[in-house]
Amino acid sequence: GHLFNDAPLAWIGVSMGFGITIGYLMHMLISRLFPDRSLIREALAAARNRPRTPVDFVDQATNAAMVLDLDGRIIASNINLVALMALESDRLAGKRAADVLPSSLVDGMMIGFETGLDSSGTFECVNGAGERLTVEIQFQQIQTDDGPVVGVTVLDMTEAKRREIE
């Protein structure tokens, strides 16, 4: 009777070994099907970090940023835009960009719109405090539940341009 008392333990050992073997085989299969999993990780990270709403776009931006509807009204903006452009108010939502932003910046944005939504360009503009700035304006189309909108980032290139000249 001694042999049968240990039988359940033996079966547990066999089934654990079988499970480990199956796990190893699955690991080998996945490794062969997807040899470079870093590409998959990068794609998943990019999808997680992609703006899903206009507010996400401006919140994730490290530079001055705003989102415009196709009529040129500001849907969302960040405080960096207010500071860079020396605007009097941070309440820009619902207002037309042409009414609240310096005209030289709006002119640069219009050139960018004509060039294409997935483009960028460097422009000279004057902010609300009268300072001359060199800015790079980048455009990105964002698909929302209400249709496409345009994400705009404005990067101050003034210091870089000044160093380049010197």
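For clarity, every value in this text was computed on a predicted model and none was experimentally measured. (Residues numbered from 1 in each chain as written. Predicted model: local features only at pLDDT ≥ 70, side-chain atom pairs only at ≥ 80, totals over all residues. Heavy atoms only, no water.)

**What about the pattern of salt bridges?**
- Throughout the structure, instances matching the rule amount to two salt bridges.
- A salt bridge links aspartate 99 to arginine 96, with the nearest nitrogen and oxygen atoms 3.6 Å apart.
- The salt bridge involving lysine 161 is made with glutamate 164; its shortest N-O contact spans 4.0 Å. Residue lysine 161 and its partner glutamate 164 are both found in helix 8 (residues 158–165); the two are separated by three residues, about one turn of the helix. (Salt bridge = Lys/Arg side-chain N within 4 Å of Asp/Glu carboxyl O. Helix = DSSP H or I, 4+ residues; strand = E, 2+ residues; numbered from the N terminus.)

**Looking at the pairing of strand 5 (residues 147–156)**
- In terms of residue burial, strand 5 counts as a mostly covered element, since seven of its 10 residues are buried.
- With five bridges connecting them, strand 1 (residues 64–68) and strand 5 associate as antiparallel partners. Residue pairing in the sheet places methionine 66 in a bridge with valine 152 of strand 5.
- Where strand 4 (residues 132–144) meets strand 5, 10 bridges bridge the pair, whose relative direction is antiparallel. The partner of isoleucine 137 across the bridge, within strand 5, is valine 154. (Buried < 20%, exposed > 50% of the residue type's maximum accessible area, 1.4 Å probe, protein only. Pairing = 2+ DSSP bridges.)

**Some words on the sheet that holds strand 3 (residues 120–126)**
- If you walk across this open sheet you meet the five strands as 2-1-5-4-3, and the pairing is antiparallel. If you trace the sheet from one side to the other, it starts and ends with strand 2 (74–77) and strand 3, each paired once. Within the sheet, the average angular offset between the axes of one strand and its neighbour, ignoring direction, is 30 degrees. (Axes fitted to C-alpha atoms, helices over the stretch in contact; angles between N-to-C directions.)

**Here we look at the environment of glycine 130**
- Along the chain, glycine 130 turns up in the loop between strand 3 and strand 4.
- Considered as a pair, glycine 130 and proline 102 are 28 residues apart in the sequence and their alpha carbons are 9.6 Å apart.

**Examining the nonpolar core**
- Ranked by internal contacts, the top residues of the largest apolar core, which has 24 residues, are Met85, Leu101, Leu105, Met109, Val135 and Val154.
- Those elements giving two or more residues to this core turn out to be strand 1, helix 5 (79–84), helix 7 (103–115), strand 3, strand 4 and strand 5.
- No other element matches strand 4, which puts four residues into this core.
- Not counting residues up to four positions away in its chain, the partners in contact with valine 135 are Leu84, Met85, Leu105, Gly121, Thr122, Phe123, Cys125, Val154, Leu155, Asp156 and Met157.
- Residues Phe57, Val67, Ala76 and Ile142 belong to the second largest nonpolar core, which totals eight residues. (Core = buried A, V, L, I, M, F, W, Y, C linked by side-chain atoms within 4.5 Å. Contact = heavy atoms within 4.5 Å.)

**What to know about unusual backbone geometry**
- Although it is not a glycine, alanine 86 adopts a positive phi angle of roughly 50 degrees.
- If you trace the backbone, alanine 86 turns up in the loop between helix 5 and helix 6 (97–100).
- Owing to a relative accessible area of 30%, alanine 86 belongs among the partly exposed residues under this scheme.

**Here's the deal with the confidence of the model for the protein chain**
- The pLDDT averaged across the protein chain works out to 77; a share of 64% of its residues lies at or above 70.
- Within the protein chain, no element has a lower average pLDDT than helix 1 (residues 2–5), which sits at 50, and none a higher one than strand 2, at 94.
- Between residues 9–14, whose pLDDT stays under 50, and residues either more than four places distant or in other chains, the model counts zero contacts. (pLDDT = per-residue confidence, 0-100.)

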